[in-house]
Amino acid sequence: MRQAKKMIDEPLLPTSLTGSKENVTQLLIQRFQELLREGVLTQGTRLPSERELAAHFNVARSSLRQALKVLEIMGIITQKVGDGSYLNTDTSTILAVPLQFLFLLDDTSVEELTELRLLMEPGLARLAAQRATADDIALLKKSIRDLESSSQDRLKLVSSDLLFHRAIFQASKNRTASSLFQTIHHAMAKMILVTSHLVELEHTLSFHKPIMRAIEQRKGDEAADLMRDHILDATALLLNEQTKQHESQLHSRVIQTKEPIHKLKNPKKR
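Residues numbered from 1 in each chain as written. Predicted model: local features only at pLDDT ≥ 70, side-chain atom pairs only at ≥ 80, totals over all residues. Heavy atoms only, no water.

Describing the environment of Asp 146
Here comes step 1: Summarising the element assignment, Asp 146 is placed in helix H7 (residues 134-148).
Here comes step 2: Expressed as a C-alpha distance, the spacing of Asp 146 and Leu 163, which sit 17 residues apart in the sequence, is 9.5 Å.
Here comes step 3: Setting aside anything within four residues of it in sequence, one finds Asp 146 in contact with Lys 156, Ser 160 and Leu 163. (Helix = DSSP H or I, 4+ residues; strand = E, 2+ residues; numbered from the N terminus. Contact = heavy atoms within 4.5 Å.)

Brief notes about the nonpolar core
Here comes step 1: Within the largest apolar cluster, 35 residues are counted, with the highest numbers of intra-cluster contacts made by Leu 140, Leu 162, Phe 164, Ile 168, Phe 169, Ile 215 and Met 227.
Here comes step 2: Among the secondary structure elements, those contributing two or more residues to this core are helix H6 (110-131), H7, helix H8 (154-171), helix H9 (175-195), helix H10 (201-216) and helix H11 (220-256).
Here comes step 3: Discounting chain neighbours no more than four positions away, the residues touching Phe 169 are Met 120, Glu 121, Leu 124, Ala 177, Ser 178, Phe 181 and Ile 184.
Here comes step 4: Counting residues in each nonpolar core, the second largest holds 17 residues, with Phe 32, Leu 35, Leu 41 and Val 59 among its members. (Core = buried A, V, L, I, M, F, W, Y, C linked by side-chain atoms within 4.5 Å. Buried < 20%, exposed > 50% of the residue type's maximum accessible area, 1.4 Å probe, protein only.)

A look at empty space enclosed by the protein
Here comes step 1: Scanning the entire structure with this criterion turns up two cavities of 30 Å³ or more.
Here comes step 2: By volume, the largest cavity amounts to about 140 Å³.
Here comes step 3: Around the largest cavity sit 15 residues that line it, and Asp 161, Thr 195, Thr 204, His 230 and Ala 234 are the ones nearest its centre.
Here comes step 4: For the lining of the largest cavity, the secondary-structure elements that each account for two or more residues are H8, H9, H10 and H11.
Here comes step 5: Among the elements that make up the lining of the largest cavity, the one with the highest residue count is H11 (five residues).
Here comes step 6: Here the lining of the largest cavity is built from residues that sort into seven nonpolar, five polar and three charged. (1 Å grid on protein atoms, 1.4 Å probe; cavity = no way out; pocket = protein on both sides within 12 Å on 5 of 7 lines; lining within 4 Å. Points joined across faces, edges and corners; volume = space filled by probe spheres on them. Nonpolar A, V, L, I, M, F, W, Y, C, P; charged D, E, K, R; others polar.)

What about H9?
Here comes step 1: The terminal C-alpha atoms of H9 lie 28 Å apart, and with 21 residues this matches the ideal 30 Å at 1.5 Å per residue to within 8%.
Here comes step 2: The sharpest bend along H9 measures roughly 55 degrees and falls at Ile 184.
Here comes step 3: Every buried residue of H9 is listed here: Ala 177, Phe 181, Ile 184, Ala 187, Met 188, Ala 189, Lys 190, Met 191, Ile 192, Leu 193, Val 194 and Thr 195.
Here comes step 4: Capping the start of H9 is the job of one residue whose side-chain oxygen sits 3.0 Å from the backbone nitrogen of Thr 176: Asn 174. (Expected span 1.5 Å × (residues − 1). Bend = angle between axes of the 7 residues up to and from the residue. Polar contact = N/O pair within 3.5 Å; in protein donor to acceptor, adjacent residues only side chain to side chain.)

Side note on the packing of H6 against H9
Here comes step 1: With their axes 12 Å apart at the nearest point, H6 and H9 run at an angle of 130 degrees to one another. It follows from the interaxial angle that H6 and H9 lie oblique. Crossing geometry of H6 relative to H9 is assigned as left-handed. Residues Leu 113, Thr 114, Leu 116, Arg 117, Met 120, Glu 121 and Leu 124 of H6 form the contact with H9, whose participating residues are Ala 177, Leu 180, Ile 184, Ala 187, Met 188 and Met 191.
Here comes step 2: Its residues assigned to classes, the contact of H6 with H9 shows 10 nonpolar, one polar and two charged. (Axes fitted to C-alpha atoms, helices over the stretch in contact; angles between N-to-C directions. Parallel < 35°, antiparallel > 145°, perpendicular 65-115°, else oblique. Left-handed = near helix turned anticlockwise from the far one by under 90°.)

Focus on the pattern of salt bridges
Here comes step 1: According to the stated counting rule, one finds 10 salt bridges in the structure shown.
Here comes step 2: A salt bridge links Arg 46 to Asp 83; its shortest N-O distance comes to 4.0 Å. Placement of Arg 46 in the loop between helix H2 (21-38) and helix H3 (50-57) and of Asp 83 in the loop between strand S1 (77-80) and strand S2 (84-87) is noted, with a sequence separation of 37 residues between them.
Here comes step 3: We note a salt bridge from Asp 225 to Arg 228, for which the minimum N-O separation is 3.1 Å. Of the two residues, Asp 225 and Arg 228 are both situated in helix H11; the distance of three residues between them amounts to about one turn of the helix. (Salt bridge = Lys/Arg side-chain N within 4 Å of Asp/Glu carboxyl O.)

Regarding the pairing of S2
Here comes step 1: Pairing of S1 with S2, which is carried by four bridges, proceeds in the antiparallel orientation. Bridge pairing in S2 links Ile 77 to Leu 87. (Pairing = 2+ DSSP bridges.)

So, unusual backbone geometry
Glycine aside, negative phi is the norm for most residues, and most peptide bonds take the trans geometry.
Here comes step 1: Unusually for a residue other than glycine, Lys 173 sits at a positive phi of about 60 degrees.
Here comes step 2: With respect to the element layout, Lys 173 can be found in the loop between H8 and H9.
Here comes step 3: A residue is classified by how much of its surface remains accessible, and Lys 173, at 42% relative accessible area, is partly exposed.
Here comes step 4: Here the phi dihedral of Arg 218 falls at roughly 65 degrees; this positive angle occurs in a residue that is not glycine.
Here comes step 5: Locating Arg 218 in the fold gives a position in the loop between H10 and H11.

Quick word on the confidence of the model for the chain
In low-pLDDT segments, the atomic positions of the prediction should not be examined closely.
Here comes step 1: Across the chain, pLDDT averages 77, with 72% of residues at or above 70.
Here comes step 2: By mean pLDDT, the top-scoring element of the chain is H10 (97), and the lowest-scoring one is helix H1 (residues 5-9) (48). (pLDDT = per-residue confidence, 0-100.)

What about the environment of Gln 217?
Here comes step 1: Following the sequence through the fold, Gln 217 ends up in the loop between H10 and H11.
Here comes step 2: A sequence separation of 87 residues divides Gln 217 from Gln 130, and the C-alpha atoms of the two residues are 9.4 Å apart.

Structural notes on the packing of aromatic side chains
Here comes step 1: Taken as a whole and judged by the stated rule, the model has one aromatic pair.
Here comes step 2: The ring of Tyr 86 has Lys 80 lying over it, and the distance from NZ or CZ to the ring centre is 4.5 Å. (Phe/Tyr/Trp six-rings, centres within 6.5 Å; stacked < 30°, edge-to-face > 60°. Lys NZ or Arg CZ within 6 Å of the ring centre and 35° of its normal.)

Have a look at this one:
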């Protein structure tokens, strides 16, 4: 794989960039988009080292590392221990989508992922209420504590949210379910990453805390109902954002049309 030498020779972004992890993530995406369009980057390209990237962005390596982790969750890059970071083969497709509208869930649509989650997670929450051990409950509580302290840390937010759902899969004591979580966790991570931009942290906590309490109190039916509500709420957020994005794109196309629509509908009489 060839490395993007031009990225090292030329500044990635203005040096006035501050250390906001959120800004670094979004600006990395914007810069990758530009470099892909210019042909500097190609799919599979090996990126410069963290040290070199951090120097160009004028940010701490910890901020850059966090941004790269988010990009990995999104499927834009793959980080290989001891070898560096690479742009994935489908990166150009993913980067064409705004961060707040990332519905490319490994070729899984929002509807398909929701169907699967609705089939599994309410039932698993019911089983968790019946079978959860003290360690399982402790892990659920830890995920909520971590989520509560993640308001300025996007990666921690996504990881904590995922931990909550993984803990319920594990608490069900169904080994097949635990294995299945490993299969869908990447798509779930992307879904969580998107919804985290659409609502305040308290909104997510308002679902997680009652589910945890229902499991701790051995209320299986209640835990199942609350989990179903949580999944449906997340899906509604995504689909509503999808509709708004489609409307915005349509509006932009109309504005960019050379001849106004009303003139097309009402041509001048000869």
